[in-house]
Structures are given as structure tokens and as C-alpha cells.
Amino acid sequence: MNILGINAYHANASAAIVCDGKLITAAEEERFNRVKYAAGFPAAAVRHCLADAGLKLQDIDHVAIPRNPWARIATKLYYAARMPRFTFDRLRVMKQFKGVHADLAAACDLDPGTIRARVHRVEHHVAHLASAFFVSPFDRAAVLSTDGLGDFASTMWATGEGNRLNVRGSVVFPHSLGLYYTALSQYLGFWKFGDEYKVMGLAAYGEPSYVQELRRVVRPNNIKGFSLGLQYFRHHQTGPEMTWHESTQTPVLGRLFSPYLEERLGKSRRADEPIGRKHRNIAASMQAVLEEAYFRLLNHLSGGTRQQKVCLAGGVAFNCVANGKVFDHTPFSGIYVQPAAGDAGLSVGAAFYVYHQVLGQPRTFIMDHAYWGPQFSQGATDKALENSQVRDLGCLVKGLPDEELTRCTAQHIADGKIVGWYQGRQEWGPRALGNRSILVDPRRAEMKEILNRRIKHREPFRPFAPSILEEATGQFFECSHPSPFMNLAYVVRPEKRSVIPAPTHVDGTGRLQTVSRQTNPRYWALIKKFEKLTGVPVLLNTSFNENEPIVLTPREAIDCFLRTRMDVLVMGNCLVEKKLVANIALQSPIVLRTFWYRCFA
Ligand SMILES: [Fe+2]
């Protein structure tokens, strides 16, 4: 039985295929069209998933869409009567969903009449819940989904048992922890879609001196966990304005905070203004208040379900700082966070929901790694290198056996080089987990600044993350529960902070990835080799990109390597080293580069 899940007509468009209860492939549209958080219809992701699974669209039995325009229809009608713009948006969404057959057929260049699949609409948060529980290692668990808004709800919780999810409650529009965090991020001058995660990094630099005020923005609620002080917001009057331009597919969110927030906290920060102490303190306070509400929800859920384990999804589940404190602030002893916790993960969740809950099939699959994306053969990689300028520019290109490859790469990292590491299947979700990663020595405090100057160009307050051998986690961190998807931040042991200063955040935490020998043997072997050289079983791991979605193809990896000041590129078993002459040629102004090519290349 073949099920295609698609997150369509929404940000983080994606596709996934589940065959007989096992995930075969999953991919986000942004990796193909190179638009971060791309919204719209995931045509390229659908084409890729079908090809990867060896299926045609006609072979698909069920299509699962994580949105149900009929969910909470009474509430929607109530708001539609008050907000004409909202009515227009709802009608547009319903029209899009009616056209799903046509869009699928167009993506695959087929006649819509040839598609035999039955289309299922799965409510947004139910799909989030399914994306976490049905692929988790737990047979029973409490499940929580928290995000901005989807199908007019912002939060939903359930008990998961075997192949069933029993929804126990929800928080509906206009109350939303995700929208609260986004509104305050906008107030702090971070307006781009997805910028909330920057503010989470900034929070560690401040004191939570605005907590009292922000407790009026997010209020405790004994039944639902929280409610918003609506006078601080405008989305309940204007509608949540998440739009995207068909031409660019970039999602854009309208202003969420009201003038009253500025009355209480002072004027909002412009994006180009410097970040001051007040902004840092507000960031710290909004994180503290989010955590209060998050743990209240989780404790409420723990008491109501009496479960020991918890599964998390939804955009707020990317808050690794809060996730890392779950063991200290709740009774839960086990946690699983879907690697694509945001809306990209809905395609996987909707597909598994149809398989288990709708069709009643048993569970046979655990998502214990995130390597579900596209991959390219060594032949394709070698060809891309041949067609590139790497040799002309004086780069040294070597094919190496596995053992020599990891040893050589570990030595380069220990020598302070910046290494692009491109291997196997691309990661599912926003984190690079050792297959499309840029790796550096975590012992060198200066690497954070060097990475930013030479490649990443990120705000200096944003931390970089460590990858650690799973078995060594407890030696470096105060918690050793596995964190394979880099969505938990743990406290680095005080005596180890000076050992790995580069990926240790200012508050002494690290958003770690625990690397298992079973799920990524090559990356594990590389870190093991680094440990043999240095005594440290940790690498600093950041995504292989430069202000763009993570590189997908070998060509994109090579382009990123050549246009930035990366030192070494490892693609499969091929190691490419930039020599001094290549660096001079690549970093010279265009006139000098032309001269260089004419004379020497
Ligand atoms: Fe969502």
C-alpha cells in the first residue's frame, strides 16, 4: 500500500512516501527550488519522492493532505463574519484543495483522470501529533503539538497507544504560543519567516527582567494551560496574515503585535537598529515565559495521561532550549521530537495517520535517523567535480578509501581547517546531521567567528552546535538522553566548557546531536578519528550552506565550496583541498581572477 503525504498550499511545502507502513523517502520543496521555507505546491518534492520510491503517481493508493478546511468550521465562520479578508483567504484555501488532483497531475505531467488515489484530509495538528508519535520508538506516550496556527488551532495534545492517537484537548485561535513568540520576535526587529530561532539564541544573553509584563501577554490557564492577553496582538482582529507570492514562494507573515505592546514595552526595534541590553532582556523574558507555559502544558499532559514518555511536534518543538529542560521540569523520562517538527513534517505525519488511524494498520517503523532525502552516487559526484573548476583552480583532488578518508578529514579539522562534508542521503528537517554539514574543530573558540566571517555571515549571538559520539554524551553534557536530531539543548558540564568552547553557548548549553554508529557509521567514524587525534569526541557541525537552503546537489556543494573560504570539501570518498594558489584565485577581485585564468588555468 503506497501513501503519498504532501504539505501543500502552505509554508515548508514537502512530500513523503510511506509504503506498507515504512517511510521510504521524504523531501522539502525548498531544497529543490532554493527558496527557504518555500510555500505552495511541492511539485519537485513529489516528483523526487516518486522517483526515489520507484513509483508512478498511478501507483499511489492514498494521498494524505495535512489540512482540513472543515475543521472548526463554526469558529471559522464566526471570524469570517468579522474579517472579510479572512473569508477571502478561506475561500482561496478551499479552492486550492479542490485542485489537488490537477496539481499532482501537472507536477507529473499526467492526465488528472489517471490518478486513482483516494485523497484524505488530516487536520493540521493531528498530522503534527502523528508525525511525532507514529514514528517514535514508544508504544505508548503523551503527545503534544504546539505551533503558530493550523486549521484554526495552535496547540493539541493526545495519548498515543499502539496505532491509535486519542486527541484529548486543544487550544484554538486566537490563542497561540507560536504566534506569541513570532509577535515578540517581530517587536525585536526579526521579521523574516523562521527568525524566531534567532531570538531563542539571543535570549541567552539577557536577563528575564520583563517576565512580569510578559506574563500578562501569555497568561496561565488551568484548563488550557495558557491564553493570550489579546490587547497585545492584532491577529484576532485582522486575521493571521500568512501569505506567499506565487512567483517567489517565500512565505511572509504580517505584523502580529498591537500598538499596546509598544505602549507597555516602548518602541519596537527596527531591523537595522543595534541590539541593546533591553532587547536582550526582552528576548530572555519571552523565552522564560514561553517555557513556563510549555512546561505547564506538559505537566498538565503528564498528569492527565500518566504516561512516562512524551512526543513533540509543531514549530514550538524546535525550541531546543525548552525541550532540553523537559526532564528537569516535568515527570517525563523519555522524549522524542520529530526531526521536521515544523510544517514540513506534516507530510510524514499525514501519511502515517492515514496508514494507522484511518486504515487500522499496525506500527512497524521507527524514524531513528533523518537521512530520508535525495542522494547522489559517487559517479555523479565525480562528474560534478570534473565539470567544475576545482582542478583548474589548483585544488588537490584525491579519492580515498574509507579509513584514510576519515583519518585525513579528521586531521584537517584538527589542524583548524573548515571542512564541507557531503555524504549519502540528505537530512529530513532543517538540521544538518552529518550528511550535508560544515565541520570545524570545537576546541578552537575562534572558529565561531571565523565560520561567520568566511562562510555563514550569521548574527554573532547565534550559537553553533556540537555533534558528539552518542556513547560520550554523559562525559560532556549533564544529560545523556539521546538527541539524534539536534532539537534538545543540554547543559555542558562546567569542566568541559573550556574543552569545546566553539559550540558552547554563552549560557553554558549546547544544542547537541548525538551520533550513533548504527545510523550514520561514516560520520561516527569521522568523530571517532577526531577523538583519537585530540581526545575530544565532538565536532562543531553547522549546515552546508551560505544564507540559502542546505545544499542539495553535488554541484551546489562545489559552488558553495568555491565561492566561500571553505578549505576542504569531502564528497563521498573524494577529498578536495584548496591550495594557497586556489584561495588567491578565488578570493581575488574579478579582474585578477580573469587574469589568473587566462595566464595559468
Ligand atoms: Fe504547524
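Treat the numbers as computed from the prediction; the structure is a model and nothing was measured.

Chemist: What should I look at first to understand the overall build of the chain in this one?
Modeler: Along the chain, the regular secondary structure elements total 23 helices and 23 strands. What you see for the chain is a C-alpha radius of gyration of 24 Å, in line with the 25 Å of a compact globule of 601 residues. For the chain, the spread of C-alpha atoms along the three principal axes comes to 70 × 60 × 50 Å. Going through the 601 residues of the chain one by one, you find that 62% of them count as buried. In the chain, once contacts between residues fewer than 6 apart in sequence are set aside, the share between residues at least 24 apart is 72%. Accessible surface computed for the chain: about 22600 Å², of which carbon and sulfur atoms make up 52%. Charged side chains in the chain number 73 positive and 55 negative. The centres of these two groups are separated by 3 Å.

Chemist: Looking at this model, I keep getting lost on the coordination of the iron ion. Mind explaining?
Modeler: Expected angles at a metal are 109.5 degrees for tetrahedral coordination by four donors and either 90 or 180 degrees for octahedral coordination by six donors. Protein-derived coordination of the iron ion comes from His 124 (NE2), His 128 (NE2), Asp 147 (OD) and Asp 343 (OD), at a distance range of 2.0 to 2.2 Å. Within one chain, the residues donating to the iron ion are spaced in sequence as H-x3-H-x18-D-x195-D. Taken together, the residues span a long stretch of sequence, with His 124 in helix α6 (residues 124-133) and Asp 147 in strand β6 (residues 140-150) at a distance of 23 residues. One exposure class covers both His 124 and Asp 147, and it is buried.

Chemist: I would appreciate a short explanation of unusual backbone geometry in the present structure.
Modeler: A negative phi angle is the norm for most residues apart from glycine, just as the trans form is the norm for most peptide bonds. The step from Phe 173 to Pro 174 runs through a cis peptide bond, and the omega angle for that step is 10°. Summarising the element assignment, Pro 174 is placed in the loop between β8 (164-172) and α7 (177-187). Not every positive phi belongs to a glycine, and Tyr 37 is a case in point at roughly 60°. Within the secondary structure, Tyr 37 sits in the loop between α1 (29-33) and α2 (43-53). Taking the relative accessible area as the measure of exposure, Tyr 37 reaches 22% and is therefore partly exposed.

Chemist: Can you walk me through the sheet that holds β6 in this structure?
Modeler: The strands making up a sheet are joined through hydrogen bonds of the backbone, oriented either antiparallel or parallel. Ordered in space as β8-β7-β6-β13-β14, the five strands form an open sheet in which the pairing is mixed. For this open sheet the edge positions go to β8 and β14 (334-337), each flanked by a neighbour on one side alone. Taking the axes of each pair of neighbouring strands and ignoring which way they run, one obtains an average angle of 20° across the sheet. In the sheet, β6 pairs with strand β13 (residues 309-313) via four bridges, with the strands oriented parallel. Its bridge partner being in β13, Ser 145 is matched across the sheet by Ala 313.

Chemist: Just checking my understanding: could you explain the state of the cysteines for this structure?
Modeler: Working definition of a disulfide: a covalent bond connecting the sulfur atoms of two cysteines. Following the criterion strictly, the structure yields zero disulfides and no others. With no disulfide of its own, Cys 108 lies 11 Å from the sulfur of Cys 49, the closest cysteine sulfur. Cys 479 supplies the cysteine sulfur nearest to Cys 311, a cysteine that is in no disulfide, at a spacing of 16 Å. Cys 311 sits in the buried class, given a relative accessible area of 0%.

Chemist: Any chance you could explain the side chain of Thr 305 here in plain terms?
Modeler: With respect to the helices and strands, Thr 305 occurs in helix α12 (residues 277-305). For Thr 305, a relative accessible area of 9% gives the class buried. The contact partners of Thr 305, leaving out residues within four places of it in the chain, are Ala 142, Thr 159 and Arg 168.

Chemist: Looking at this structure, I do not really get the packing of aromatic side chains. What am I missing?
Modeler: Centre-to-centre distance and the angle between the planes together describe a pair of aromatic rings. Under the definition given, this model contains 14 aromatic pairs. With centroids separated by 5.9 Å and ring planes inclined at 80°, the aromatic side chains of Tyr 187 and Phe 257 adopt a geometry described as edge-to-face. Of this pair, Tyr 187 sits in helix α7 while Phe 257 sits in the loop between β12 (251-253) and α11 (259-265); the two residues are 70 residues apart in sequence, bridging distant segments of the chain. Here the two residues Tyr 187 and Phe 257 agree in accessibility, since each one is buried. Measuring from ring centre to ring centre gives 5.7 Å for Tyr 197 and Phe 318, while their planes differ by 90°; the resulting arrangement is edge-to-face. Of the two residues, Tyr 197 is situated in helix α8 (residues 196-203) and Phe 318 in the loop between β13 and α13 (320-324); the sequence distance between them amounts to 121 residues.

Chemist: Looking at this structure, how should I read helix α20 (residues 521-534)?
Modeler: Side chains three or four residues apart in an α-helix point the same way, a direct result of the helix having 3.6 residues per turn. Between its first and last C-alpha, α20 extends 20 Å over 14 residues, near the 20 Å set by a 1.5 Å rise per residue. Turning to α20, its buried residues number three or more, namely Tyr 523, Trp 524, Leu 526, Ile 527, Lys 529, Phe 530 and Thr 534. Tucked into the core, α20 has its buried residues touching α17 (402-414), β16 (419-422), β17 (436-440), β18 (465-469), β20 (509-515) and β21 (538-543).

Chemist: Which parts of the structure should I look at to understand the sheet that holds strand β2 (residues 14-19)?
Modeler: Reading across the sheet, the five strands line up as β3-β2-β1-β4-β5 and stay open at both edges, with mixed pairing between neighbours. Of all the strands in the sheet, just β3 (22-28) and β5 (118-121) have a single pairing partner and so form its edges. Each strand axis lies, on average, 20° off the axis of its neighbour in the sheet, ignoring direction. As paired strands, β2 and β3 are joined by six bridges and run antiparallel to one another. Each bridged residue has a counterpart across the sheet, and for Ala 15 the counterpart in β3 is Ala 27.

Chemist: I'm lost on the nonpolar core in this one. Help?
Modeler: A general trend in soluble globular proteins is that nonpolar side chains are found buried together. Tyr 180, Tyr 294, Leu 298 and Leu 312 are the most contacted members of the largest nonpolar core, which has 88 residues in total. Looking at this core, the element that brings in the most residues is α12, giving eleven residues. If you look at the next biggest cluster of nonpolar residues, it comprises 44 residues, including Ala 158, Ala 344, Ala 350 and Trp 428.

Chemist: Sorry if this is basic, but what is going on with the side chain of Lys 529 here?
Modeler: Along the polypeptide, Lys 529 turns up in helix α20. With a relative accessible area of 14%, Lys 529 lands in the buried category.

Chemist: How do you make sense of the environment of Leu 290 when you look at a structure like this?
Modeler: Within the fold, Leu 290 resides in helix α12. In this structure, the C-alpha to C-alpha distance between Leu 290 and Arg 215, residues 75 residues apart in sequence, is 9.4 Å. In this structure Leu 290 touches Leu 177, Tyr 180, Tyr 181, Val 316 and Asn 319, once residues within four positions along its chain are discounted.

Chemist: What is the right way to look at the pattern of salt bridges in this model?
Modeler: It is possible for side chains of opposite charge to pair when their charged atoms get near one another. Enumeration according to the criterion identifies 30 salt bridges in this entry. In this structure, Glu 123 engages Arg 72 in a salt bridge whose closest nitrogen and oxygen atoms are separated by 2.5 Å. A residue pair is termed long-range when its members are at least 10 positions apart, and Glu 123 in the loop between β5 and α6 and Arg 72 in the loop between β4 (62-65) and α3 (73-82) qualify at 51 residues. Judged by relative accessible area, which is 18%, Glu 123 ranks as buried. Among the salt bridges present, the one from Glu 577 reaches Lys 579, with a minimum N-O distance of 3.3 Å. Assessed through its relative accessible area of 9%, Glu 577 is described here as buried. Beyond isolated ion pairs, a larger network of salt bridges with shared partners links Arg 34, Glu 546, Glu 548, Glu 556 and Arg 563.

About the cut-offs
Residues numbered from 1 in each chain as written. Predicted model: local features only at pLDDT ≥ 70, side-chain atom pairs only at ≥ 80, totals over all residues. Heavy atoms only, no water. Helix = DSSP H or I, 4+ residues; strand = E, 2+ residues; numbered from the N terminus. Rg over C-alpha atoms; globule rule 2.2 N^0.38 Å. Buried < 20%, exposed > 50% of the residue type's maximum accessible area, 1.4 Å probe, protein only. Contact = heavy atoms within 4.5 Å. Areas by Shrake-Rupley, 256 points an atom, 1.4 Å probe, with all protein chains shown as cover. Lys, Arg positive; Asp, Glu negative; His and termini not counted. Charge placed at Lys NZ, Arg CZ, Asp CG, Glu CD. Donors = N, O, S within 2.8 Å, 3.2 Å for Na, K, Ca; no water. Pairing = 2+ DSSP bridges. Axes fitted to C-alpha atoms, helices over the stretch in contact; angles between N-to-C directions. Disulfide = S-S within 2.5 Å. Phe/Tyr/Trp six-rings, centres within 6.5 Å; stacked < 30°, edge-to-face > 60°. Expected span 1.5 Å × (residues − 1). Core = buried A, V, L, I, M, F, W, Y, C linked by side-chain atoms within 4.5 Å. Salt bridge = Lys/Arg side-chain N within 4 Å of Asp/Glu carboxyl O.

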